[in-house]
Amino acid sequence: MSVDVLLVDDDELVRIGLRTILDAQPDLRVVAEAADGAEVPPLVARHRPQVVLMDVRMPGIDGIQATRRLLATSAEPPRVLVITTFANDEYVYDALRAGASGFLLKRARPAEVVEAVRVVARGESLLFPAAIRRLVGAYGRRTADGLRAARLTEREAEVLRLMAAGLSNPEIAARLVVGVETVKTHVGNVLTKLGVRDRTQAVIAAYESGFVTPAA
C-alpha cells in the first residue's frame, strides 16, 4: 500500500525535486502540490494524503499556522513533516509544538527524504530524536510539573522515557522483553493520557514538563 504525500512549498524547484525523489519509490506517491499553507486543508480533504511535506517558512500562511489549521479542521489529519533550511530554528520547534510529527532539512539526501516520509507515515518511532532534544533545550517552555496530572503507570512512564530516547516500538519491546503489540498499547495509553496526537508531541511534553531532560 502506497503512502500518499502532499507537497507544500512556495519554491517550485523544491517541489519538483521532492516529487522526483518520492515518485521514484514504489511505495510513495505525490498526490498534490501547494504553494501556500492556505491551500492545505482543502487539498487534504480532497486527496486524503497520509503525509504532508510542509515548508515551515512561506510568505502567506506559513507552516506553523497551516499545521494548526489542518489539525483544527480535519477529523483525521495526516502526519505533517516540516521542511526547513536550518535544523536549529525556533520556527521548526513551534511547528512541532503545533502538531508536526518531524522535520526534514532541505539539503537532505534523497535516501533521507524517503526514509523520513516512511518513518513519519508509520508513526512508530521518533524522527531525529537528538535534534528534537536540542530544540527543546533551546526553545522549550519548561513547566516542571513532571506530568503528574497524567497519572502514568510505572510501565507507561518507562515507555515514555524510551520513546524520548528515540527507541522505536520494536526496540522498546526488546528492551522491556514484551510483545510489540503490548508496546503499542502502552504508547496509545501514554498519548491519550497526555492529550497528544503522536509520539513527537508526547516527547516534547515529557521534556517541557521536566519528566525527562534534554541532556538525558
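Placed above this text is the structure.
Quick look at the structure, then. (Residues numbered from 1 in each chain as written. Predicted model: local features only at pLDDT ≥ 70, side-chain atom pairs only at ≥ 80, totals over all residues. Heavy atoms only, no water.)

Notes on the pairing of strand 1 (residues 3–8)
Taking burial as the measure, the six residues of strand 1 include six buried ones, the bulk of the element. Every second residue of strand 1 is oriented toward a common face, with Val-3, Val-5 and Leu-7 on one face and Asp-4, Leu-6 and Val-8 on the other, all of them buried. For strand 1 and strand 2 (residues 28–34), the ladder comprises six bridges, and the chain directions are parallel. The residue of strand 2 that forms the bridge with Val-5 is Val-30. One crossover worth recording links strand 1 to the parallel strand 2 by way of helix 1 (residues 12–23), and it is right-handed. (Buried < 20%, exposed > 50% of the residue type's maximum accessible area, 1.4 Å probe, protein only. Helix = DSSP H or I, 4+ residues; strand = E, 2+ residues; numbered from the N terminus. Pairing = 2+ DSSP bridges. Right-handed = clockwise from strand over helix to strand, strands pointing away.)

Side note on the sheet that holds strand 5 (residues 102–105)
Spatial ordering of the open sheet is given by 2-1-3-4-5, a layout of five strands whose pairing is parallel. Because the sheet does not close on itself, it has two edges, and the strands there are strand 2 and strand 5. On average, adjacent strands in this sheet sit at an angle of 25° to one another, irrespective of strand direction. (Axes fitted to C-alpha atoms, helices over the stretch in contact; angles between N-to-C directions.)

Remarks on the pattern of salt bridges
Enumeration according to the criterion identifies 16 salt bridges in this entry. The partner of Arg-97 in a salt bridge is Glu-208, and the shortest N-O contact between them spans 2.9 Å. Of this pair, Arg-97 sits in helix 4 (residues 90–98) while Glu-208 sits in helix 10 (residues 199–208), and the two are 111 residues apart along the sequence. Residue class for Arg-97 comes out partly exposed when judged on its relative accessible area of 41%. For the salt bridge of Glu-112 with Arg-109, the shortest nitrogen-to-oxygen distance reads 3.2 Å. The partly exposed category is assigned to Glu-112, whose relative accessible area is 32%. For Arg-109, a relative accessible area of 55% translates into the label exposed. Linked by salt bridges that have partners in common, Arg-15, Arg-19, Asp-23 and Glu-33 make up one network. (Salt bridge = Lys/Arg side-chain N within 4 Å of Asp/Glu carboxyl O.)

Examining the packing of helix 9 (residues 180–194) against helix 10
Any two packed helices are characterised by the angle at which their axes cross and by the distance between the axes. Put simply, helix 9 and helix 10 touch, their axes get as near as 10 Å, and they point 60° apart. One element, helix 9, and the other, helix 10, form an angle in the oblique class. Considering how the two elements wind past one another, helix 9 and helix 10 form a crossing that is left-handed. Taking contact as the criterion, the partners of Val-187, Leu-191 and Leu-194 in helix 9 are, on helix 10, Arg-199, Ala-202 and Ala-205. Its residues assigned to classes, the contact of helix 9 with helix 10 shows five nonpolar, no polar and one charged. (Parallel < 35°, antiparallel > 145°, perpendicular 65-115°, else oblique. Left-handed = near helix turned anticlockwise from the far one by under 90°. Contact = heavy atoms within 4.5 Å. Nonpolar A, V, L, I, M, F, W, Y, C, P; charged D, E, K, R; others polar.)

With respect to the packing of helix 3 (residues 63–73) against helix 4
Their axes nearest at 9 Å, the elements helix 3 and helix 4 cross at an angle of 5°. Taken together, the axes of helix 3 and helix 4 lie roughly parallel to each other. Across the interface between the two elements, Ile-64, Thr-67, Arg-68 and Leu-71 from helix 3 touch Tyr-91, Asp-94, Ala-95 and Ala-98 from helix 4. Residues of the contact of helix 3 with helix 4, tallied by class, amount to five nonpolar, one polar and two charged.

Looking at helix 8 (residues 169–176)
Along helix 8, the positions that sit buried rather than exposed are Asn-169, Ile-172, Ala-173 and Leu-176. Looking down the long axis of helix 8, one finds its buried residues gathered within 100° of arc, a one-sided arrangement. Exposed residues lying more than 90 degrees from the buried face of helix 8 are Ala-174 and Arg-175. As for helix 8, its buried residues are in contact with helix 7 (154–164), helix 9 and helix 10. Downstream of helix 8 by a residue or two, Val-177 has a phi angle that is positive, lying close to 55°. (Arc of directions from axis to C-beta.)

What about unusual backbone geometry?
Backbone geometry at Arg-151 places phi at a positive 55°, although glycine is not the residue there. Within the fold, Arg-151 resides in the loop between helix 6 (129–139) and helix 7. Even without being glycine, Val-177 reaches a positive phi, approximately 55°. Overall, Val-177 belongs to the exposed group, its relative accessible area being 72%.

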